[in-house]
Amino acid sequence: MSAAAQSARRGAASTLAGWIIALALLALAVLFAADRLYNAEQFRIREVEVHGRFSHVDGARVKAVVEQSLPGNYFSLSLAAVEARIAQLPWVFSASVRRKWPHTLVVDVVEVQPVAKWGRRQWLNFTGDLVAQQPGASADERSLPVLSGPDSRRAEVWQAFRGWSEMFAANGLSLDELRFDARGLWYLQLSVGALARTKSATATTTATATTPVTLIVQREHAEERIARFVAALRARLIGDFAEMRIVDLRYPNGFAVNRTAAPEARLAHSEP
């Protein structure tokens, strides 16, 4: 072998050895850094901030749960695991946890805010999601409107309730119950609100302001016929509302009303 070839071979071996040493040193540096970053004794979480608007959730309890769920440090802690622990607390709808340098966890909690009941043991949250009824509910939460129907129609019932309850509320009425049955019929139970009570105060009636009124309408024409009934109430019938018991909206050009004052009679209202 020539001297030049031997020199080239020694150079290649030296270069390879240099690379091996460099890689070994890099690996040691990575291991050292990983040990520093993920060692529970390093970069400990020292502060927990809890944010949210609470009526029922106990912020101190949330903080305690987080502090009990810290097996790692700032870098190694599983945020998803902490969020799952918080979500198990009463009245917690959702929780998100994020890191804030250098040693803080920030917890944002959204409380369950029920808008209606669905069945005996569930609520519909303000998001439209089903949630379990929570302990320690207030009187208002125990008397929430009741929605029901096939589970496959829950989203439709929820959307209908949102639209119709706002429309009735604008006219002094409260939508207390909404039911959709297998035949495609809507049943809406209304109660008298402040506006209706004011306008019907002089009416002679045996009914009370708390006696409900039930509307019946088929799904295909519900929007237009409910709107027509509300327009008639606003124009001239709100004073008679407390006397009504059942309002049948399944007529193409009007509706029929069963009244308490004369149970055997039907007050028909027609439009051209």
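Below, the structure is looked at part by part. Computed from a predicted structure; not experimentally measured.

## What to know about the sheet that holds strand 2 (residues 92-100)
Strand order in the open sheet formed by three strands is 1-3-2, with mixed pairing between adjacent strands. Pairing within the sheet leaves two strands with one partner each, and these edge strands are strand 1 (47-51) and strand 2. Sheet twist, expressed as the average angle between the axes of neighbouring strands with direction ignored, equals 20°. Against the sheet, helix 3 (residues 79-87) contacts strand 2 and strand 3 (104-111), and its axis sits at roughly 150° relative to strand 2.

## A few points about the nonpolar core
Among the nonpolar cores identified, the biggest contains 35 residues, and W164, F168, W186 and L188 are the most heavily contacted of them. Within the residue set of this core, elements represented by two or more residues are strand 4 (114-118), helix 5 (154-169), strand 8 (173-180), strand 9 (185-192), strand 10 (213-218), helix 7 (222-237), strand 11 (244-251) and strand 12 (254-259). The greatest single-element share of this core, amounting to seven residues, is contributed by helix 7. The next biggest cluster of nonpolar side chains, apart from the first, holds 24 residues, and it includes L77, L79, I86 and W123.

## Some points on the side chain of E141
Along the chain, E141 falls in helix 4 (residues 139-142). Apart from the residues within four sequence positions on either side, E141 is in contact with H56, W91, P114, K117 and W123.

Cut-offs used in this document
Residues numbered from 1 in each chain as written. Predicted model: local features only at pLDDT ≥ 70, side-chain atom pairs only at ≥ 80, totals over all residues. Heavy atoms only, no water. Pairing = 2+ DSSP bridges. Helix = DSSP H or I, 4+ residues; strand = E, 2+ residues; numbered from the N terminus. Axes fitted to C-alpha atoms, helices over the stretch in contact; angles between N-to-C directions. Contact = heavy atoms within 4.5 Å. Core = buried A, V, L, I, M, F, W, Y, C linked by side-chain atoms within 4.5 Å. Buried < 20%, exposed > 50% of the residue type's maximum accessible area, 1.4 Å probe, protein only.

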